[in-house]
Amino acid sequence: GAGVSQSPSNKVTEKGKDVELRCDPISGHTALYWYRQSLGQGLEFLIYFQGNSAPDKSGLPSDRFSAERTGGSVSTLTIQRTQQEDSAVYLCASSMGGLANEKLFFGSGTQLSVL
Amino acid sequence: GQSLEQPSEVTAVEGAIVQINCTYQTSGFYGLSWYQQHDGGAPTFLSYNALDGLEETGRFSSFLSRSDSYGYLLLQELQMKDSASYFCAVRDNYGQNFVFGPGTRLSVLP
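This report concerns the structure included in the present document. Keep in mind that what you see is a predicted model, and the values were worked out from it rather than measured. (Residues numbered from 1 in each chain as written. Chains lettered and ligands numbered in written order. Predicted model: local features only at pLDDT ≥ 70, side-chain atom pairs only at ≥ 80, totals over all residues. Heavy atoms only, no water.)

1. Some thoughts on the packing of aromatic side chains
The geometry of an aromatic ring pair comes down to the distance between the two centres and the angle between the two planes.
Now for step 1: Counted under the stated rule, the structure contains 13 aromatic pairs over all chains.
Now for step 2: Each ring, one from Tyr-33 of chain A and one from Tyr-35 of chain A, has its centre 6.3 Å from the other, and the planes form 20 degrees; the classification is stacked. There is no split in this pair, since Tyr-33 of chain A and Tyr-35 of chain A are both buried.
Now for step 3: Three or more aromatic residues joined by ring pairs make a cluster, and in this case those are Tyr-33, Tyr-35, Phe-45, Tyr-48 and Phe-106 of chain A together with Tyr-35, Phe-45, Phe-98 and Phe-100 of chain B. (Phe/Tyr/Trp six-rings, centres within 6.5 Å; stacked < 30°, edge-to-face > 60°. Buried < 20%, exposed > 50% of the residue type's maximum accessible area, 1.4 Å probe, protein only.)

This is the structure:
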């Protein structure tokens, strides 16, 4: 596609439910990132995929969070047993990968609201 | 680890020049990036500095001093549409993920 696509754009769920957030990166981009942004705050790194390498999961806040990337393309971020503090905008970004490629392309994000 | 500091808010008037500073602490350093984010929108890439000096792109310029662990974004001829949040970012010391600063909210007044 022309840009990074995320779905759904909005998700309202009840506390304790599981949610899945999807990210379609730009075709050909080998690097994919997930960030979380609370209202008025900065971007909190969650997880990073680069090609076939093991993902960098160092930013995942708890074991309720997991992510996978199938076929080196689409990625799904799963949050189990959601809590109210999980409410935030979840942003996905992709890039060409490699140290020479500093430009991240972001999707419009998924606004997650946990009631 | 990495940490970045930016002013939380900056206000300026249309047509003015504004500078948004960013200081960083990293174990390794690959370069400093800047992103713009309008309310409700996605961050968009503005600039990247790997070497010391000034990079100019239209009304926006970005500066880096590696020895001072400091950079800034300079916005000239401010327009109302420049009202947004601006984030600096560095790669982590393994050159993997990007760490973002807390962001600076720029308000441009008429």
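2. Focus on the sheet that holds strand β7 (residues 60-65) of chain B
Residue and element names in this part refer to chain B.
Now for step 1: Reading across the sheet, the five strands line up as β1-β3-β8-β7-β6 and stay open at both edges, with antiparallel pairing between neighbours. A strand with exactly one partner marks an edge of an open sheet, and here the two such strands are β1 (3-5) and β6 (53-57). Averaged over all neighbouring strand pairs, the angle between strand axes comes to 20 degrees, with direction disregarded.
Now for step 2: Of the strand pairs in this sheet, β1 and strand β3 (residues 18-25) are connected by three bridges, and their pairing is antiparallel. Across the sheet, the residue bridging to Glu-5 is Thr-23, located in β3. (Pairing = 2+ DSSP bridges. Helix = DSSP H or I, 4+ residues; strand = E, 2+ residues; numbered from the N terminus. Axes fitted to C-alpha atoms, helices over the stretch in contact; angles between N-to-C directions.)

3. Thoughts on the sheet that holds strand β3 (residues 19-24) of chain A
All names here are of chain A.
Now for step 1: Reading across the sheet, the four strands line up as β1-β3-β7-β6 and stay open at both edges, with antiparallel pairing between neighbours. In the strand order of this sheet, the two ends are held by β1 (5-7) and β6 (65-69), each with one partner. Taken pair by pair, the neighbouring strands of this sheet meet at an average axis angle of 15 degrees, ignoring direction.
Now for step 2: Pairing geometry for β1 and β3, over three bridges, is antiparallel. Among the inter-strand pairings, Ser-5 is bridged to a residue of β3, identified as Asp-24.

All quantities given are derived from atomic positions and should not be read as evidence of function.
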